[in-house]
Amino acid sequence: MWHGVQGRLAELLPLVSDFVERHPRAAVWRPFCGLARLAQGDVIGARAEFRSLIAAGLTPAKRGVNLRSYLAGLGALCVGLRDREHAPRLLELVTRPEPWTVDGCLSLGPWALLAGSLARLCGRPAEAAARFEEAILLGQRMRSRPVVAQAQSLLVAVQLASGAPDGTNLARAMGILAEAEQAAHELDLVDVLARVERLRAKLPRLHRAAPTNMLRRDGDIWMVRYGGTSLRVTDARRLHCLAALLAAPGREFHVLELAGVGRTGPAVGMVAGGLPVAGLGMALDDTPDARARTEYGARVDEVRGGLDEAERFGDVGRAERLRAELDQLMTELATRFRGRARVNGPAESARKAVTKALRAQLGHLLAHHPALGRHLHHAVRMGTACVYAPTTRIDWET
């Protein structure tokens, strides 16, 4: 299933071919053998397999234990070969009462995804677009990101094939495409990535003009923009935490740093200034033990530099040791100079507070800007150290 979703069925061709040869009556696997041949570039072999299956009749697609998987595989093979002759008949068969293709433990996504591809092959773009919209909704309900990404890229392909969209529709299409591309990078969906690249190549100038991603404060309002969709959000300290993470992709922030963000100054300024201790909200110059504070600060900077180097070179053991030391240093700083030591420790209290704030903000974005909410849900990691780590580089205007 996962190889099929990723577009990597070619890797399984020897395995599937051997199984089909040893079990010729297991008809359900023959369409997938054809799909594996097609993925490998053997169009002639895949077409011969498809014609053989069609000549044998569609009984396995109408009756039998694995009829859904057989029908789904046969329909996908028809689409892959662009066989317009048999697409209308298969489109009729895949119009089924149940929403999802499920046989035992095998799930191949919603029928709407396959029906949309067959409708497009039949020259029915409006029906295809409606089916892909349905597949997106079903995929989102099931939290199936591969299905959503596939349907999104296919929907944009249909929309662009129908003619150049106007400004509003173009912005929406580019936003949908950006979301599909992000998921494809994170999940290594080869087919979706290839489709996105082809679609972007058709509109290079429009792609370059796509709006910049933004999370920026303007007085009491934050301007949020992602994937061509904008949103205005009332100021809240949890947005300062999120802005700090987005301003420094890949950098780990100790929760004690984030706990002070929004109190001592703009998050971006703190990041740019490299103030690993000021984020704690401590008035360092007002405490009596200035020498100890200086030594703590110097050691924090030294450990952070070593941690960055260890992560850059993939030295996992050293990174873990330095991360533990950084955690201890930040806890000691807060305990010694902040005077707020609690039974469970300031680091744990800060972790709970920051995690709660970030989760609340992500929940708000999921409700009002689903594309951005889903992206951040997968790209922001929370714990004693928080980090914004998208799979591919995404620039933010902060």
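Numbers given for residues are sequential positions, taken from 1 along each chain in its written order. Two thresholds apply to this predicted model, a pLDDT of at least 70 for residue-level local features and 80 or more for giving and counting side-chain atom pairs, whereas whole-chain, interface and lining totals are computed over all residues. Here the side-chain values reflect all heavy atoms present in the structure, with hydrogen atoms and water set aside.

(A) Main features of the overall build of the chain. Secondary structure elements follow DSSP: runs of H or I no shorter than four residues count as helices, runs of E no shorter than two count as strands, and numbering proceeds from the N terminus. Helices and strands together make up the secondary structure of the chain, namely 19 helices and nine strands. Counting all 398 residues of the chain, 45% fall into the buried class. For the chain, restricting intrachain contacts to residue pairs at least 6 apart in sequence, the fraction spanning at least 24 positions comes to 58%. Counting only carbon and sulfur atoms, one obtains 53% of the accessible surface of the chain, whose full area is about 20000 Å². Relative accessibility decides the category of a residue: with a 1.4 Å probe and only protein chains considered, values under 20% of the type maximum give buried, values over 50% give exposed, and everything between is partly exposed. In this analysis, two residues are considered to be in contact whenever any of their non-hydrogen atoms come within 4.5 Å of each other. Surface accessibility follows the Shrake-Rupley procedure with a 1.4 Å probe radius. Residue values consider only the protein chains on display as shielding.

(B) A look at the sheet that holds strand β7 (residues 380-381). Read from one edge to the other, the open sheet built from three strands follows the order β6-β8-β7, with strand pairing classed as antiparallel. This sheet does not close on itself; its edge strands, each paired only once, are β6 (253-254) and β7. Should DSSP find at least two bridges between two strands, the strands are regarded as paired.

(C) Local environment of the nonpolar core. Buried residues of nine kinds, namely Ala, Val, Leu, Ile, Met, Phe, Trp, Tyr and Cys, make up a nonpolar core once their side-chain atoms join them within 4.5 Å. Counting 60 residues, the largest nonpolar core has Leu90, Val94 and Leu118 as its most contacted members. Tallying contributions element by element places helix α9 (residues 145-161) first for this core, with nine residues. The contacts of leucine 90, once residues within four sequence positions are left out, are Phe50, Leu58, Leu71, Leu74, Gly75, Cys78 and Leu118.

(D) Expanded view of a positive patch on the surface. Together, Arg82, Arg84, Arg120, Arg198 and Lys202 give the surface a local cluster of positive charge. By the element assignment, arginine 198 lies in helix α11 (residues 190-202). Residues enter a patch when their relative accessible area is above 30% and they make no salt bridge; the linking distance is 9 Å between like charges and 5 Å between nonpolar side chains (Val, Leu, Ile, Met, Phe, Trp, Tyr). A pairing counts as a salt bridge when a side-chain nitrogen of Lys or Arg comes within 4 Å of a carboxyl oxygen of Asp or Glu. Just so you know, the count uses Lys and Arg for positive and Asp and Glu for negative, and it drops His and the chain ends. To locate a charge, the coordinates of NZ of Lys, CZ of Arg, CG of Asp or CD of Glu are taken.

(E) Molecular detail of the packing of aromatic side chains. Ring pairs shown here join Phe, Tyr and Trp side chains whose ring centres sit within 6.5 Å, with only the six-membered ring taken for Trp; geometry is labelled stacked below 30 degrees between planes, edge-to-face above 60, and tilted in between. Enumeration according to the criterion identifies three aromatic pairs in this entry. Aromatic side chains phenylalanine 19 and tryptophan 29 sit 5.8 Å apart centroid to centroid with 70° between the ring planes, which places their arrangement in the edge-to-face category. In this pair, phenylalanine 19 sits in helix α2 (residues 13-22) while tryptophan 29 sits in the loop between α2 and α3 (30-40), placing the two residues 10 residues apart along the sequence. Ring geometry for tyrosine 226 versus tryptophan 396: centroids 5.9 Å apart, planes at 10°, classification stacked.

(F) How the structure looks around the environment of leucine 77. In this structure, leucine 77 sits in helix α5 (residues 67-81). Owing to a relative accessible area of 0%, leucine 77 belongs among the buried residues under this scheme. Once the C-alpha coordinates of leucine 77 and glycine 34 are considered, the two residues, 43 residues apart in sequence, prove to be 6.9 Å apart. Beyond its immediate chain neighbours, meaning those up to four positions away, leucine 77 contacts Pro31, Gly34, Leu35, Leu38, Ala46 and Phe50.

(G) Spotlight on the packing of α2 against α3. At a minimum axis distance of 9 Å, the contact between α2 and α3 shows a crossing angle of 150°. Between α2 and α3, the angle falls in the class roughly antiparallel. Every pair of crossing elements has a handedness; the one defined by α2 and α3 is left-handed. Contact with α2, carried on its side by Leu13, Val16, Ser17 and Val20, involves Arg30, Phe32, Cys33, Ala36, Arg37 and Gln40 of α3 and no other residues of that element. The convention used is that axes are lines fitted to C-alpha atoms, helices contributing only their stretch in contact, and that angles between N-to-C directions extend from 0 to 180 degrees. Here the word oblique covers every angle except those under 35 degrees (roughly parallel), over 145 (roughly antiparallel) and from 65 to 115 (roughly perpendicular). Handedness of a crossing is defined here by the sense of rotation of the near helix relative to the far one, left-handed for an anticlockwise turn of less than a right angle and right-handed for a clockwise turn.

(H) Local environment of the side chain of asparagine 213. Looking at where asparagine 213 falls in the secondary structure, it is placed in strand β3 (residues 213-218). Using a relative accessible area of 14% as the deciding quantity, one classes asparagine 213 as buried. For asparagine 213, the residues in contact, after removing those within four places along its chain, are Arg225, Tyr226, Gly227, Ile394, Asp395, Trp396 and Glu397.

(I) View of the pattern of salt bridges. Under the definition given, this model contains 12 salt bridges. For the salt bridge of arginine 96 with glutamate 98, the shortest nitrogen-to-oxygen distance reads 2.6 Å. Given a relative accessible area of 26%, arginine 96 falls into the partly exposed group. Here glutamate 397 and arginine 216 are joined by a salt bridge, their closest N and O atoms 2.3 Å apart. Of this pair, glutamate 397 sits in strand β9 (residues 396-397) while arginine 216 sits in strand β3; the two residues are 181 residues apart in sequence, bridging distant segments of the chain. With a relative accessible area of 35%, arginine 216 lands in the partly exposed category. When salt bridges with common partners are traced through the structure, they connect Arg68, Arg96, Glu98 and Asp103 into a single cluster.

(J) Spotlight on unusual backbone geometry. The phi angle at arginine 143 is positive, at roughly 55°, despite the residue not being glycine. Within the element layout of this structure, arginine 143 appears in the loop between α8 (125-141) and α9. Its identity is not glycine, yet aspartate 188 carries a phi of approximately 60°, on the positive side. As for its placement among the helices and strands, aspartate 188 is situated in the loop between α10 (167-187) and α11.

(K) Structural context of the sheet that holds strand β4 (residues 221-226). Ordered by their spatial adjacency, four strands build an open sheet running β5-β4-β3-β9, and the pairing between neighbours is mixed. Unpaired on one side and paired on the other, β5 (229-234) and β9 mark the two borders of the sheet. Two elements, β3 and β9, share two bridges in a ladder whose sense is parallel. Paired with asparagine 213 across the bridge in β9 is tryptophan 396. With respect to the sheet, helix α13 (residues 237-247) is in contact with β3, β4, β5 and β9, its orientation differing from that of β3 by roughly 135°.

(L) Spatial organisation of the pairing of strand β8 (residues 385-388). Pairing of β6 with β8, which is carried by two bridges, proceeds in the antiparallel orientation. The residue of β8 that forms the bridge with phenylalanine 253 is cysteine 386. As defined by bridge partners, β7 adjoins β8 across two bridges and the pair is classed as antiparallel. Bridging across to β8, arginine 381 finds its partner in valine 387. In textbook terms, the turn of a hairpin is the stretch between consecutive antiparallel strands, and for β7 and β8 this stretch comprises three residues.

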